[in-house]
Amino acid sequence: MSGGEQEPGSYYVGVDVGTGSVRAALVDQKGVLLAFAEQPITKWEPQFNHHEQSSEDIWAACCVVTKKIVQGIDLSRIRGLGFDATCSLVVLDKQFRPLPVNYEGDPHRNVIMWLDHRAVSQVQKINETRHSVLQYVGGAMSVEMQAPKLLWLKENLRETCWDKAGHFFDLPDFLSWKATGVTGRLYHWIYLSRFSRSLCSLVCKWTYSAEKGWDDSFWKMIGLEDFVADNYSKIGNQVLPPGASLGSGLTPEAARELGLPVGIAVAASLIDAHAGGLGVIGADVTGHGLICEGQPVTSRLAVICGTSSCHMGICKDPIFVPGVWGPYFSAMVPGFWLNEGGQSVTGKLIDHVVQGHAAFPEVQAKAAARCQSVYAYLNSHLDLIKKAQPVGFLTVDLHVWPDFHGNRSPLADLTLKGMVSGLTLSQDLDDLAILYLATVQAIAFGTRFIIETMEAAGHSISTLFLCGGLSKNPLFVQMHADITGMPVVLSQEAEAVLVGAAILGACASGDFASVQEAVTRMSKAGRVVFPRHEDKKYYDKKYRVFRKLVEHQKEYSAIMNGD
């Protein structure tokens, strides 16, 4: 069954593995969420900039949430399963057992998380090569990509990890492998799954080229010639586009663990941000009065904002943008080149700023008394203290540079630090609320900086499409509209990332002729937030200050590092 003749009442399961939890949804063929479940996962930080997880813990959480969402459901109506996850690195030995990625030798902690910055010296060594593959990552590789992490493992954990390793997976690929090739007894499935990786993961985080494959000279140049010698079997030498059906579908063992039917289609996966992009960028905006309604999809920028933020823009021809990853061919939407800007910490930064303030216990108590989240309470408090002026004007004397974890885009400088200008001795609730506002604005100014850089390179962007946890915060959304001067489209389904994962399962099932058809049928626009153009002059001034902050930081660094 294909070409849009999907069976009435068909369901698809989407599983999203984020930084702190695993979420799953049961989605119908119109993109409507019918059930949702979430399960926390454990994170370890054994030392500064080392962030680790457990693949066994993550898979167990996947099994918990999938069983919850199908309770009381006719399982025969479930047609496909799609996974997305953070681009974390999973390490297994030759028998598919976890290996330690830590000095403590704990094999349970076998995942180096995406936000891990331990491989600073390794990424510097890689960037010093100026190899041609670096032009596809904005000119400089990020410490958050997989090559520097792999090199770190070889240089630091040779005996306990590197020499024993049989398989290195991007986390999304690990999940689809677990679903389609779980046990050594099922040799045929193991063989199919072992070497099948998603084009999305390998192109975006591993330097694979959709057109040319692996570049042997790169891996030899950086000291990881091991992969070339074994024909890339440890990192993947069979690559499939996102949404392609893997092997023979869900294995009996995985089906029992997940509570899903044996043999349902399992899709080649996506990175979580890319699933969010897939879930929103093609949404039908008819009737909203948006300029993008009459423009190609390339006029849209998907911003997936959670623990970090990713800015996804697509184009028909490759565009090279300094400090912005890509262009990656068919990494998100088949047939289109993808450019991916990003901010390494956004949601995590807001939490850090708010929870570290002296007034946080007071806010926490007052929010709990009102049965509100801390951020809903802060938003309402800002409305109280703004008086007659727009809320954004409360930060006229307070400015934040948000790179507390380095800059991913467009400066690609992991040495940059956060900055706050305009602090006083105040530690009260008003002070916390305004600092929170300034931090949200700084993240939006970072988005504006990324957009300007992309447009200078050749992109033409008119509309933002937001999804992810931060898109549920009305202040965050309004500041992005006001500061970029662009309307913001929110998904009809708040969990657009899960819709994106479910779209993959729908494609793998054969119920849709293409990813584009599934996106058109399952992705829908919801609320639209328009910018307050009357505030433009104020935000233009603040943006000038924003850009000055990083200039000054670089000047200070030059002074301190000079003779």
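Residues numbered from 1 in each chain as written. Predicted model: local features only at pLDDT ≥ 70, side-chain atom pairs only at ≥ 80, totals over all residues. Heavy atoms only, no water.

Q: Describe the sheet that holds strand E20 (residues 463-467), naming the residues involved and giving the relevant values.
A: Pairing in this open sheet of 7 strands is mixed, and the strands run E16-E17-E15-E14-E20-E21-E22 from one edge to the other. Both edges of this open sheet fall to strand E16 (325-329) and strand E22 (525-529), since each of them pairs with a single strand only. Between one strand and the next, the sheet's axes are offset by a mean angle of 25°, whatever the strand orientation. Running over the sheet, helix H10 (residues 272-280) touches strand E14 (300-305), strand E15 (309-315), strand E17 (337-343), E20 and strand E21 (488-491) and is turned about 135° from E14. (Pairing = 2+ DSSP bridges. Helix = DSSP H or I, 4+ residues; strand = E, 2+ residues; numbered from the N terminus. Axes fitted to C-alpha atoms, helices over the stretch in contact; angles between N-to-C directions. Contact = heavy atoms within 4.5 Å.)

Q: Any chance you could break down the environment of serine 176 for me, citing the residues and the numbers?
A: Looking at the secondary structure, you find serine 176 in helix H4 (residues 171-180). By relative accessible area, which is 2% here, serine 176 ends up buried. Sequence spacing of serine 176 and phenylalanine 83 is 93 residues, and the spatial spacing of their C-alpha atoms is 6.7 Å. (Buried < 20%, exposed > 50% of the residue type's maximum accessible area, 1.4 Å probe, protein only.)

Q: Describe the pattern of salt bridges, naming the residues involved and giving the relevant values.
A: Proximity of charged atoms lets side chains of opposite charge pair with each other. Applying the stated criterion across every chain yields a total of 25 salt bridges. With a shortest N-O distance of 2.9 Å, arginine 23 and aspartate 16 are connected by a salt bridge. For the salt bridge of lysine 366 with glutamate 362, the shortest nitrogen-to-oxygen distance reads 2.9 Å. Taken as a pair, lysine 366 and glutamate 362 lie in helix H12 (residues 360-369) at a separation of 4 residues, close to a single helical turn. Judged by its relative accessible area of 36%, lysine 366 is partly exposed. A relative accessible area of 34% places glutamate 362 in the partly exposed class. (Salt bridge = Lys/Arg side-chain N within 4 Å of Asp/Glu carboxyl O.)

Q: Go over the pairing of E15 with me, naming the residues and quoting the values.
A: Counting buried positions along E15 gives 7 out of 7 residues, so the element sits mostly inside the fold. Pairing between E14 and E15: 5 bridges, direction antiparallel. Counted as the bridge partner of valine 303 is histidine 311 from E15. A loop of 3 residues connects E14 with E15, the two strands running antiparallel in sequence. Strand direction decides the pairing type here: E15 and E17, joined by 7 bridges, are antiparallel. Its bridge partner lying in E17, serine 309 is registered against glutamine 343.

Q: Could you give me a rundown of the sheet that holds strand E8 (residues 111-112), with the residues and numbers involved?
A: Pairing in this open sheet of 5 strands is antiparallel, and the strands run E4-E5-E8-E7-E9 from one edge to the other. Whereas interior strands pair on both sides, the edge strands pair on one side only; in this sheet they are strand E4 (44-47) and strand E9 (165-170). Bridge count between strand E7 (residues 89-93) and E8: 2 bridges; the pairing is antiparallel. Directly across from valine 90, in E8, lies its bridge partner valine 111. Against the sheet, helix H3 (residues 146-156) contacts strand E5 (50-53), E7, E8 and E9, and its axis sits at roughly 40° relative to E7.

Q: Just give me the short version of helix H14 (residues 429-457), but keep the residues and values in it.
A: For H14, spanning 29 residues, the distance from its first C-alpha to its last is 43 Å, which sits close to the expected 42 Å at 1.5 Å a residue. For H14, the buried fraction is high: 24 of the 29 residues fall into the buried class. Between the side-chain oxygen at the start of H14 and the backbone nitrogen of aspartate 430 there is a gap of 3.3 Å, and the oxygen is on aspartate 428. Once H14 finishes, glycine 458 follows within two positions and takes phi at roughly 135°, a positive value. (Expected span 1.5 Å × (residues − 1). Polar contact = N/O pair within 3.5 Å; in protein donor to acceptor, adjacent residues only side chain to side chain.)

Q: Could you give an account of the environment of glycine 469, with specific residues and numbers?
A: Note on placement: glycine 469 falls in the loop between E20 and helix H15 (474-484). Distance from glycine 469 to isoleucine 304, taken between C-alpha atoms, is 8.5 Å for residues 165 residues apart in sequence. Other than its neighbours up to four places away in sequence, glycine 469 contacts Cys305 and Gly306.

Q: Any details on the packing of helix H2 (residues 120-128) against H3? Residues and values, ideally.
A: Between H2 and H3, whose axes approach to 8 Å, the crossing angle comes to 120°. Classified by the angle their axes make, H2 and H3 are oblique. Like other packed secondary-structure pairs, H2 and H3 cross with a definite hand, here right-handed. On H3, the residues touching Gln122, Val123, Lys125 and Ile126 of H2 are Ala147, Pro148, Leu151, Trp152, Glu155 and Asn156. Looking at side-chain class alone, the contact of H2 with H3 contains 6 nonpolar, 2 polar and 2 charged residues. (Parallel < 35°, antiparallel > 145°, perpendicular 65-115°, else oblique. Left-handed = near helix turned anticlockwise from the far one by under 90°. Nonpolar A, V, L, I, M, F, W, Y, C, P; charged D, E, K, R; others polar.)

Q: Before we move on, could you go through the nonpolar core and cite the residues and values that matter?
A: Ranked by size, the top nonpolar core spans 93 residues in total, and within it Leu153, Phe168 and Trp219 carry the most contacts. Of all hydrophobic cores here, the second largest spans 67 residues; its members include Val354, Ala367, Val391 and Leu432. (Core = buried A, V, L, I, M, F, W, Y, C linked by side-chain atoms within 4.5 Å.)

Q: Which residues make up helix H13 (residues 374-385), and what values go with them?
A: With 12 residues, H13 extends 17 Å between its outermost C-alpha atoms, agreeing within 8% with the 16 Å of an ideal straight helix rising 1.5 Å per residue. If you check which residues of H13 are buried, you get Val374, Tyr375, Tyr377, Leu378, Asn379, His381, Leu382 and Ile385.

Q: Which residues make up a nonpolar patch on the surface, and what values go with them?
A: A cluster of nonpolar side chains, contributed by Phe404, Val420 and Leu423, occupies part of the molecular surface with about 260 Å² of accessible area. In this structure, leucine 423 sits in the loop between strand E19 (419-421) and H14. Exposure remark for leucine 423: the relative accessible area of 57% places this residue in the exposed category. (Patch = residues over 30% accessible without salt bridge, like charges linked within 9 Å, V, L, I, M, F, W, Y side chains within 5 Å. Areas by Shrake-Rupley, 256 points an atom, 1.4 Å probe, with all protein chains shown as cover.)

Geometric descriptors of this kind do not, in isolation, establish any biological role.
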